[in-house]
Amino acid sequence: MSLRSTHKKFRGTQGTSSVGQKQHKKMLQTGVIWGLTGTTMTSFMFFWAMYKQFVPPHLRAYVERYFYKMIRWISPNVHIKFTEYTDEGLKRSQAYNTIRNYLSSKSTALAKRLKANESKNSKSLVLSMDDHQEIEDEFEGVKVKWYSNVKVTQTQSNYGRSISDERRYFTLTFHRQHRGMVIETYLDHVLREGKAIGLKNRERKLYTNNSSQDWYSWRTAKWSNVPFHHPATFETLAMDPLKKEGIKKDLIKFSKGEEYYRKVGKPWKRGYLLFGPPGTGKSTMIAAIANFLDYDVYDLELTTVKDNSELKKLLLDTSGKSVIVIEDIDCSLELTGQRKKKKEEDDEEEKKEDEKKSKREKDEKLSKVTLSGLLNSIDGLWSACSSEKIIVFTTNFVDKLDPALIRRGRMDNHVEMSYCKFEAFKVLAKNYLEIETHDLFEEIERKLEETDMSPADVAETLMPKSDEEDADLCIKRLVKTLEEEKEKAKKLAEEEEKKKTEKEARNKKKAEEETEKKKTEEEEKKKKIESEEKKVKGAEANGIN
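(A) Geometry of the overall build of the chain. Along its length, the chain carries 15 helices and 15 strands. A burial count over the chain gives 34% of its 545 residues as buried. Counting contacts in the chain only where the partners sit at least 6 residues apart, residues at least 24 apart contribute 68% of the total. Approximately 36500 Å² of the chain is accessible, and the part contributed by carbon and sulfur atoms is 53%.

In structure tokens form, the structure reads like this:
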């Protein structure tokens with residue numbers, strides 16, 4: 001082996017050793033860094049736990065406020081917060097919902113953690129940004145960041161129960177040099193695009209109010225909802241065509257009347273009172289109105305509302321383009337009985353009133369909603385806090401309602417849902433049997449004028465009960481049913497007349513007995529007085545003697 005080769009081998013060995021030493025030194029440095037990081041994090045977590053546990057809340061708030069002020073002073077970024085509720089939590093923020101719609105289109109591709117919700121007909125899923133996630137957006141070359149946050153606070157109720165209250169909000173972060181562009185241009189773009197996405201993806205809902213005890217639960221809001229898929233339309237509604245056309249024109253005028261209502265100084269709302277016997281299509285009319293205008297429906301159950309204040313909060317939490325419904329208003333907490341009425345002379349009527357009063361007192365233990373509170377909520381100052389709403393009351397007995405509840409201005413359009421007449425029957429025949437003429441139509445028209453039968457009963461009679469039943473059989477069955485109903489009505493009228501006669505006879509007999517009793521009492525009283533006078537005269541005569 002030559003001297004030159006030996007020298008090269010030595011240098012190679014020395015180079016390999018040097019590389020190994022460098023790698024070993026680098027590994028030691030990395031270990032030291034990780035060790036320091038772990039120690040630092042452990043110490044931080046320890047001091048943070050001690051800080052949260054022993055530092056009073058008011059002092060923590062003071063410290064954190066100035067800490068964030070210092071961070072904002074150092075940081076070049078600007079933060080804008082968009083909360084889910086505005087006006088001290090009374091009303092849902094439209095801006096928050098619009099931003100959520102806008103971000104949903106970005107979340108699928110950019111967010112690391114998503115929330116999956118069922119869409120219409122449950123055929124697909126809609127993905128949105130989960131809580132405590134962030135996505136980046138770019139507009140005209142400027143990059144901004146959106147954060148989805150939720151703040152949970154624990155409060156103690158009057159009953160000693162712990163209540164969780166969730167407050168969600170979005171935070172928009174951007175460099176302060178882009179403040180003008182973001183505020184003046186980007187936010188308008190976000191709201192415009194979000195509104196368009198919301199209209200495109202909008203699924204109409206049927207809402208019902210939750211018990212107020214659960215409003216602040218982590219999973220329960222003021223309203224629960226399901227998709228609204230009721231198939232009723234004005235074309236399938238069993239009603240006189242002229243009356244239907246008048247209602248449709250009124251609804252169209254209302255839906256286009258934002259500027260008109262502002263000009264005349266009225267809140268943009270309209271009231272409908274639907275009254276008539278059971279089975280005449282009041283609920284179907286509500287569904288037809290909602291489908292015609294493409295509105296949501298809020299079914300307000302007053303018996304679950306604790307007081308007038310909570311009623312206002314519920315109505316404030318409803319959205320525009322909606323129909324707010326109180327069905328059977330005459331039965332809701334006996335609101336119509338809160339004003340003084342004349343006493344019924346009949347004993348049976350007094351007994352019924354006592355039963356109603358007892359029921360009302362039981363209901364009032366659960367709800368303290370008053371007639372005045374309801375009137376102020378639907379037609380007072382609070383009614384102007386939201387717009388484009390139709391308020392619908394339904395009742396079977398319109399005469400029982402307080403005039404103040406249904407006056408014009410509150411219930412603007414009074415719609416009587418009557419028994420089935422011939423024009424309504426023709427709609428049902430076309431819907432259920434797909435026929436527009438029949439030999440028995442004239443006879444049915446005559447019988448419908450003589451007999452009170454609800455559209456629901458007529459529809460049930462016309463509906464084929466098997467594949468073997470055809471239109472002719474169903475029409476004949478209706479004729480037979482109308483004859484039977486006419487006989488029932490006749491017998492019922494005879495029974496009512498008989499009861500009325502018997503009642504009058506009982507009252508007459510009772511009056512005669514009262515008169516006879518009074519006469520007998522007067523005669524006995526007269527005899528007693530004469531007897532006393534005789535005794536006095538006898539005593540006086542004995543005293544003289």
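Once you've had a look at it, read on.
(B) Quick look at the packing of aromatic side chains. The tally for this structure, following the rule as stated, stands at 13 aromatic pairs. Between Phe-254 and Trp-268 the ring centres are 6.0 Å apart and the planes differ by 45 degrees, which places this aromatic pair in the tilted class. One end of the pair, Phe-254, is in helix α5 (residues 241-255); the other, Trp-268, is in the loop between α6 (258-264) and β11 (269-275), and 14 residues separate them in sequence. Three or more aromatic residues joined by ring pairs form one cluster here, namely Phe-82, Phe-139, Trp-146 and Tyr-186. Positioned over the ring face of Tyr-169 is Lys-81, at 4.3 Å from the centre of the ring. Here the guanidinium or amino end of Lys-400 rests over the ring plane of Phe-397, the centre of that ring lying 4.6 Å away.

(C) View of a nonpolar patch on the surface. There is a patch of nonpolar side chains on the surface, built from Phe-46, Phe-47, Met-50 and Phe-54 and spanning about 460 Å² of accessible area. Checked against the element boundaries, Met-50 lands in helix α1 (residues 3-54).

(D) Representation of the sheet that holds strand β12 (residues 296-299) in the model. Spatially, the seven strands line up as an open sheet ordered β10-β9-β12-β13-β14-β11-β15, and their pairing is mixed. Edge positions in the sheet fall to β10 (223-227) and β15 (413-416), since each of these pairs with one other strand and no more. Geometrically, the sheet is characterised by an average inter-axis angle of 20 degrees between neighbouring strands, direction not taken into account. Here strand β9 (residues 205-209) pairs with β10 via five bridges, running antiparallel. Residue pairing in the sheet places Leu-206 in a bridge with Val-226 of β10. Along the sheet face, helix α7 (residues 282-293) touches β11, β12, β13 (322-326), β14 (389-395) and β15 and points at about 170 degrees away from the line of β14.

(E) Representation of the side chain of Lys-282. Tracing the chain through its elements places Lys-282 in helix α7. Although Lys-282 is buried, it makes no salt bridge; Asp-328 carries the closest opposite charge, 6.1 Å away. With sequence-adjacent residues up to four places away left out, Lys-282 is seen in contact with Leu-274, Phe-275, Gly-276, Pro-277, Thr-394, Thr-395, Asn-396 and Met-417.

(F) Molecular detail of the nonpolar core. Ranked by size, the top nonpolar core spans 27 residues in total, and within it Met-285, Val-323 and Ile-390 carry the most contacts. Where this core is concerned, the elements lending two or more residues are α5, β11, α7, β13 and β14. Residue contributions to this core peak at seven residues, all from α7. Beyond its immediate sequence surroundings of up to four residues, Val-323 is in contact with Ile-286, Ile-289, Ala-290, Tyr-295, Asp-296, Val-297, Tyr-298, Ile-390 and Val-392. Core analysis: the second largest hydrophobic core is formed by 26 residues, Trp-223, Leu-273, Leu-315 and Ala-404 among them.

(G) Region of interest: the packing of α5 against α7. Relative to each other, α5 and α7 sit at 45 degrees, their axes nearing to 11 Å. Regarding the angle of α5 to α7, the classification is oblique. Helix-helix and strand crossings are classified by hand; for α5 and α7 the assignment is right-handed. Where α5 approaches α7, its residues Ile-247, Lys-248, Leu-251, Ile-252 and Ser-255 are matched on the opposing element by Met-285, Ile-289, Phe-292 and Leu-293. Here the contact of α5 with α7 is built from residues that sort into seven nonpolar, one polar and one charged.

(H) Region of interest: unusual backbone geometry. Notably, Lys-321 is not glycine yet its phi reads approximately 55 degrees, a positive angle. Residue placement: Lys-321 occurs in the loop between α8 (308-316) and β13. Positive phi outside glycine occurs at Glu-388, with the angle close to 55 degrees. One can find Glu-388 in the loop between α10 (371-379) and β14. Looking at Glu-388, the relative accessible area reads 11%, which means it is buried.

(I) Molecular detail of the pattern of salt bridges. All chains considered together, the criterion is met by 23 salt bridges. Here the salt bridges do not stand alone but share partners, grouping Lys-269, Asp-379, Arg-407 and Arg-410 into one network.

(J) Just the confidence of the model for the chain, in detail. Summarising the model, the chain shows a mean pLDDT of 81, and 80% of its residues fall at 70 or more. Looking over the chain, one finds the lowest element-wise mean pLDDT in helix α9 (residues 347-366), namely 54, and the highest in α7, namely 96. A low-confidence stretch, residues 6-10 (pLDDT under 50), is modelled with one contact involving residues beyond four sequence positions or located in other chains.

(K) Structural detail: a negative patch on the surface. On the surface, Glu-512, Glu-513, Glu-514, Glu-516, Glu-521, Glu-522, Glu-523 and Glu-524 cluster together into a negatively charged patch. Inspection of the secondary structure assignment puts Glu-522 in helix α15 (residues 471-544). On the basis of relative accessible area, Glu-522 is assigned to the partly exposed category, the value being 49%.

(L) Representation of α7 in the model. Between its first and last C-alpha atoms α7 spans 17 Å; for 12 residues at 1.5 Å apiece the expected length is 16 Å, and the two agree. Summarising the contacts, the buried residues of α7 are in contact with α5, β11, β12, β13, β14 and β15. Where α7 terminates, the next one or two residues include Asp-294, which has phi positive at roughly 60 degrees.

(M) Structural context of the packing of helix α12 (residues 422-433) against helix α13 (residues 441-450). Across the interface, α12 lies against α13 with an axial gap of 9 Å and an inter-helix angle of 130 degrees. One element, α12, and the other, α13, form an angle in the oblique class. In this structure, α12 meets α13 at a crossing whose hand is right-handed. Residues Phe-422, Phe-425 and Ala-429 of α12 form the contact with α13, whose own contacting residues are Phe-441, Ile-444, Glu-445 and Leu-448. When its residues are assigned to classes, the contact of α12 with α13 shows six nonpolar, no polar and one charged.

Conventions used here
Residues numbered from 1 in each chain as written. Predicted model: local features only at pLDDT ≥ 70, side-chain atom pairs only at ≥ 80, totals over all residues. Heavy atoms only, no water. Helix = DSSP H or I, 4+ residues; strand = E, 2+ residues; numbered from the N terminus. Buried < 20%, exposed > 50% of the residue type's maximum accessible area, 1.4 Å probe, protein only. Contact = heavy atoms within 4.5 Å. Areas by Shrake-Rupley, 256 points an atom, 1.4 Å probe, with all protein chains shown as cover. Phe/Tyr/Trp six-rings, centres within 6.5 Å; stacked < 30°, edge-to-face > 60°. Lys NZ or Arg CZ within 6 Å of the ring centre and 35° of its normal. Patch = residues over 30% accessible without salt bridge, like charges linked within 9 Å, V, L, I, M, F, W, Y side chains within 5 Å. Salt bridge = Lys/Arg side-chain N within 4 Å of Asp/Glu carboxyl O. Pairing = 2+ DSSP bridges. Axes fitted to C-alpha atoms, helices over the stretch in contact; angles between N-to-C directions. Lys, Arg positive; Asp, Glu negative; His and termini not counted. Core = buried A, V, L, I, M, F, W, Y, C linked by side-chain atoms within 4.5 Å. Parallel < 35°, antiparallel > 145°, perpendicular 65-115°, else oblique. Left-handed = near helix turned anticlockwise from the far one by under 90°. Nonpolar A, V, L, I, M, F, W, Y, C, P; charged D, E, K, R; others polar. pLDDT = per-residue confidence, 0-100. Charge placed at Lys NZ, Arg CZ, Asp CG, Glu CD. Expected span 1.5 Å × (residues − 1).

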